[in-house]
Amino acid sequence: MRHIKTYYKEDYKALDQSFVIEGPVSRQSLENYSYDDGLYAFRPPKEQFEAIREISDLEEGRIIIAREGSHIIGYVTFLHPDPMERWSDGRLPYIMELGAVEVSFGYRGFGLGKRMLQLAMLDDYMENYITITTEYYWHWDLKNSGLDVYEYKDLMIRLMAASGFEVFQTNDPEITGHPANTLMARRGKNITDDQMMEFDKIRFKNRFFF
């Protein structure tokens, strides 16, 4: 299905500091900004910035950023699931994945992650998707947060719930491999019961439904 992106922008102030939350942003817009070295949770900063630009080129790819002036200090990515993962089974066009959400360490505590997710969901076109997020504890910054895996899990659930995500059960081995790992999803308002049933089949792959 054709993917329509509507751009939103928010001037956001917190603790006497000013930020801009915006997106989906294009590669052309991203090229005008610098990228914080503290954004390294998934790849070295230069490689991650290039990965973000590549996602922005995808028809369905969505990049939401938080910036201070022209300096990117946080981002959220959305795209179709990786073809190597079970979530791409059947190539269902209405499955979208929240690929990553990251805020540079020096800018945490301002609520930027929550604001980026909420801005992303302002676009009515997101109501045509089941948006999933797979939360794996090995992606979490436990060292800098001072939290244990279960405290961090609760933090992530609260963060995602503020944008309409709910916890869903699954038999995916990567999720079930550790009790802190979590599958969450947001059901768009235009998603039908039949589409949810197809999602259920993916969640519980190789299990018989009666």
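Structure's up top.
Predicted, not measured: the structure shown is a model, and the values here were computed from it.

All right, on to the overall build of the protein then. Counting its regular elements, the protein contains seven helices and nine strands. Relative to its length of 210 residues, the protein is compact, with a C-alpha radius of gyration of 17 Å against a globular reference of 17 Å. Residue pairs in contact within the protein that sit at least 24 positions apart in sequence constitute 66% of those at least 6 positions apart. Just so you have it, the protein exposes about 11000 Å², and 50% of that area is on carbon and sulfur atoms. Looking at the protein, you have 25 positive and 34 negative side-chain charges, and the mean spots of the two groups are 2 Å apart.

For E97, the location among the structural elements is in strand 6 (residues 95–103). Buried within the structure, E97 lacks any salt-bridge partner; R86 is the closest side chain of opposite charge, at an N-O distance of 11 Å. Side-chain polar atoms of E97 contact the side chain of T134, separated by 3.5 Å. Excluding residues within four positions of it along the chain, E97 makes contact with T77, F78, L79, P81, D82, E85, I132 and T134.

The next point concerns helix 5 (residues 149–161). The end-to-end C-alpha separation of helix 5 is 18 Å, in line with the 18 Å expected for 13 residues at 1.5 Å each. Contacts made by the buried residues of helix 5 are with strand 6, helix 3 (112–120), strand 7 (130–135), helix 4 (142–145) and strand 9 (182–187).

Pairs may arise between side chains of opposite charge once their charged atoms sit close together. Applying the stated criterion across every chain, the model contains 15 salt bridges. For E50, the salt bridge is made with R27, and the minimal N-O distance between the two is 3.5 Å. Taken together, the residues E50 in helix 2 (residues 45–57) and R27 in helix 1 (residues 27–30) connect sequence positions 23 residues apart. Relative accessible area serves as the criterion here: at 23%, R27 is assigned to the partly exposed category. A salt bridge links E127 to R186; the shortest N-O distance between them is 2.7 Å. Taken as a pair, E127 in the loop between helix 3 and strand 7 and R186 in strand 9 lie far apart in primary sequence, 59 residues in all.

What follows deals with the nonpolar core. Counting residues in each nonpolar core, the largest one holds 32 residues, and the members touching the most others are I21, I64, F78, L112 and M160. Those elements that place two or more of their residues in this core are strand 1 (8–14), strand 2 (17–23), strand 4 (62–68), strand 5 (71–79), strand 6, helix 3 and helix 5. If near-sequence neighbours (up to four positions away) are discounted, M160 is found in contact with L98, V101, L117, T133, E135, F165 and M184.

On to the side chain of S56, then. Looking at where S56 falls in the secondary structure, it is placed in helix 2. From its side chain, S56 meets the backbone nitrogen of R27 in a polar contact 3.3 Å long. Apart from residues lying up to four places away in sequence, S56 is in contact with K5, V25, S26, R27, L30, G61 and I63.

Right, let's talk about the packing of aromatic side chains for a bit. A complete count under the given rule lists ten aromatic pairs for this structure. When the ring of Y35 is compared with that of F49, the centres are 4.7 Å apart and the planes differ by 10°; the resulting orientation is stacked. With a gap of 14 residues between them, Y35 in strand 3 (residues 34–35) and F49 in helix 2 connect regions that are remote in the sequence. For F49, a relative accessible area of 10% translates into the label buried. An angle of 65° between the planes, with centres 5.8 Å apart, marks the rings of F168 and F199 as edge-to-face. Here F168, found in strand 8 (residues 166–168), pairs with F199, found in helix 7 (residues 193–203); they are 31 residues apart in sequence, far enough to count as distant. For F168, a relative accessible area of 17% puts it in the buried group. Joined through ring pairs, the aromatic side chains of F19, Y107 and F110 make up one cluster. The ring of F49 carries R53 above its face, with NZ or CZ at 4.2 Å from the centroid.

Criteria and cut-off values
- Residues numbered from 1 in each chain as written.
- Predicted model: local features only at pLDDT ≥ 70, side-chain atom pairs only at ≥ 80, totals over all residues.
- Heavy atoms only, no water.
- Helix = DSSP H or I, 4+ residues; strand = E, 2+ residues; numbered from the N terminus.
- Rg over C-alpha atoms; globule rule 2.2 N^0.38 Å.
- Contact = heavy atoms within 4.5 Å.
- Areas by Shrake-Rupley, 256 points an atom, 1.4 Å probe, with all protein chains shown as cover.
- Lys, Arg positive; Asp, Glu negative; His and termini not counted.
- Charge placed at Lys NZ, Arg CZ, Asp CG, Glu CD.
- Buried < 20%, exposed > 50% of the residue type's maximum accessible area, 1.4 Å probe, protein only.
- Salt bridge = Lys/Arg side-chain N within 4 Å of Asp/Glu carboxyl O.
- Polar contact = N/O pair within 3.5 Å; in protein donor to acceptor, adjacent residues only side chain to side chain.
- Expected span 1.5 Å × (residues − 1).
- Core = buried A, V, L, I, M, F, W, Y, C linked by side-chain atoms within 4.5 Å.
- Phe/Tyr/Trp six-rings, centres within 6.5 Å; stacked < 30°, edge-to-face > 60°.
- Lys NZ or Arg CZ within 6 Å of the ring centre and 35° of its normal.

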